[in-house]
Amino acid sequence: MMRPRILLPRLLALTLLGAVAACTGTGDDSTFAEQQELANIKIKNIVPLASGAVLMNTFRAVCLDGDPSVTARTARLRAAGYVPVGGWRNGVRRFVTDTAEPMVQISDDGGLCGVHARARTGQEAEIRQRIAQWFPKAQPVATSDPLKTIWTTGRAPNEGIGVLRNPRGRGHNEISVALLRP
């Protein structure tokens, strides 16, 4: 017989995976193979602990480099081993992989492209260093919300980089880094 302390985390993990798998949204073109792969992803890899370098390298590869069209980004993600988490929900689609690579989120209008992971040491320093390197004209935008950090990129009017922190408690705090375009 399983002990209650062991059973509860397993039930929570199965519930989370079921919720992720059930998030089909609209326009779900996932293949049966992708749906199977999604169903087998380790729970901790849906929103993984990603180093600052991995977080920002993924951000650059998906959001800054290459064709910015939704079709091209989707194709690059699939070629890199990512699978969609269902279709579009509220104009956003999420992609995950069963590695330490962060979750990727893109919008159907191309205005948002971001990466999402659990927070860990070194991410803040890496984010600031990469923004300074990639966007030498970047300027911080004043905000009274300690959970949000925003910079204008200086490349195009109203283009920005946003960092959003989601406090979920010890071991579960999350961070998102996104390119925002009008």
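Residues numbered from 1 in each chain as written. Predicted model: local features only at pLDDT ≥ 70, side-chain atom pairs only at ≥ 80, totals over all residues. Heavy atoms only, no water.

Enquirer: Could you give an account of the state of the cysteines, naming the residues involved and the relevant values?
Expert: Each disulfide consists of one covalent bond between the sulfur atoms belonging to two cysteines. Evaluated as defined, the whole model comprises one disulfide. Sulfur-sulfur distance for the disulfide between Cys63 and Cys113 comes to 2.1 Å. A torsion of -80° about the S-S bond marks the disulfide between Cys63 and Cys113 as left-handed. Here the residue Cys63 occupies a position in helix 4 (residues 52–64), and Cys113 occupies one in strand 4 (residues 112–118), the gap between them amounting to 50 residues. With relative accessibility at 1%, the residue Cys113 sits in the buried group. (Disulfide = S-S within 2.5 Å. Helix = DSSP H or I, 4+ residues; strand = E, 2+ residues; numbered from the N terminus. Buried < 20%, exposed > 50% of the residue type's maximum accessible area, 1.4 Å probe, protein only.)

Enquirer: Summarise the pairing of strand 3 (residues 103–107); cite the residues concerned and give the values.
Expert: Within strand 3, five of the five residues are buried, leaving the element largely enclosed by the surrounding structure. Here strand 2 (residues 92–96) pairs with strand 3 via four bridges, running antiparallel. From the neighbouring strand, Arg93 faces strand 3, where its bridge partner is Ile106. Connecting strand 2 to the next strand, strand 3, in antiparallel fashion are six residues. (Pairing = 2+ DSSP bridges.)

Enquirer: Requested: an account of the environment of Ile46, with residues and values cited.
Expert: Of note, Ile46 is situated in helix 3 (residues 43–46). On a C-alpha basis, the gap between Ile46 and Thr97 in space is 7.2 Å, while along the polypeptide they are 51 residues apart.

Enquirer: A description of unusual backbone geometry should follow, citing residues and the corresponding values.
Expert: Although it is not a glycine, Asn90 adopts a positive phi angle of roughly 55°. Tracing the backbone through its elements, the reader meets Asn90 in the loop between strand 1 (83–84) and strand 2. Overall, the relative accessible area of 81% leaves Asn90 in the exposed class. Phi angles above zero are rare outside glycine, and Asn158 is one such case at about 65°. Take Asn158: it is sitting in the loop between strand 6 (148–152) and strand 7 (160–166).

Enquirer: Just give me the short version of the layout of surface pockets, but keep the residues and values in it.
Expert: As a volume, the second largest pocket reaches approximately 310 Å³. Those elements giving two or more residues to the lining of the second largest pocket turn out to be strand 4, strand 6, strand 7 and strand 8 (174–180). Per-element accounting of the lining of the second largest pocket gives the leading share, six residues, to strand 8. A class-by-class count of the residues in the lining of the second largest pocket yields ten nonpolar, seven polar and three charged. (1 Å grid on protein atoms, 1.4 Å probe; cavity = no way out; pocket = protein on both sides within 12 Å on 5 of 7 lines; lining within 4 Å. Points joined across faces, edges and corners; volume = space filled by probe spheres on them. Nonpolar A, V, L, I, M, F, W, Y, C, P; charged D, E, K, R; others polar.)

Enquirer: Give a detailed account of the pattern of salt bridges, specifying residues and quantitative values.
Expert: A full pass over the atoms with the stated rule returns ten salt bridges. The closest approach of N and O atoms between Glu126 and Arg130, which form a salt bridge, is 2.7 Å. One end of the pair is Glu126 and the other is Arg130, both in helix 6 (residues 123–134) and four residues apart, which spans about a single turn. In this pair, the class of Glu126 matches that of Arg130, namely buried. Residues Arg155 and Glu159 are paired through a salt bridge, measuring 2.9 Å at the closest nitrogen-oxygen approach. Judged by its relative accessible area of 45%, Arg155 is partly exposed. A cluster of three or more residues bridged by salt bridges with shared partners is formed by Asp28, Asp29, Glu34, Arg78 and Arg93. (Salt bridge = Lys/Arg side-chain N within 4 Å of Asp/Glu carboxyl O.)

Enquirer: Can you explain the sheet that holds strand 3? Please cite residues and give values.
Expert: Within a beta sheet, neighbouring strands are joined by backbone hydrogen bonds and run either parallel or antiparallel to one another. A sheet is described by the order of its strands in space; here eight strands give the open sequence 1-2-3-4-8-7-6-5, paired in antiparallel fashion. Unpaired on one side and paired on the other, strand 1 and strand 5 (139–141) mark the two borders of the sheet.

Enquirer: Any details on the packing of helix 4 against helix 5 (residues 70–79)? Residues and values, ideally.
Expert: Between helix 4 and helix 5, whose axes approach to 9 Å, the crossing angle comes to 140°. The angle between the axes of helix 4 and helix 5 places the two elements in the oblique class. Contact with helix 4, carried on its side by Ala61, Val62 and Cys63, involves Arg73, Arg76 and Leu77 of helix 5 and no other residues of that element. In the contact of helix 4 with helix 5, the residues fall into four nonpolar, no polar and two charged. (Axes fitted to C-alpha atoms, helices over the stretch in contact; angles between N-to-C directions. Parallel < 35°, antiparallel > 145°, perpendicular 65-115°, else oblique. Contact = heavy atoms within 4.5 Å.)

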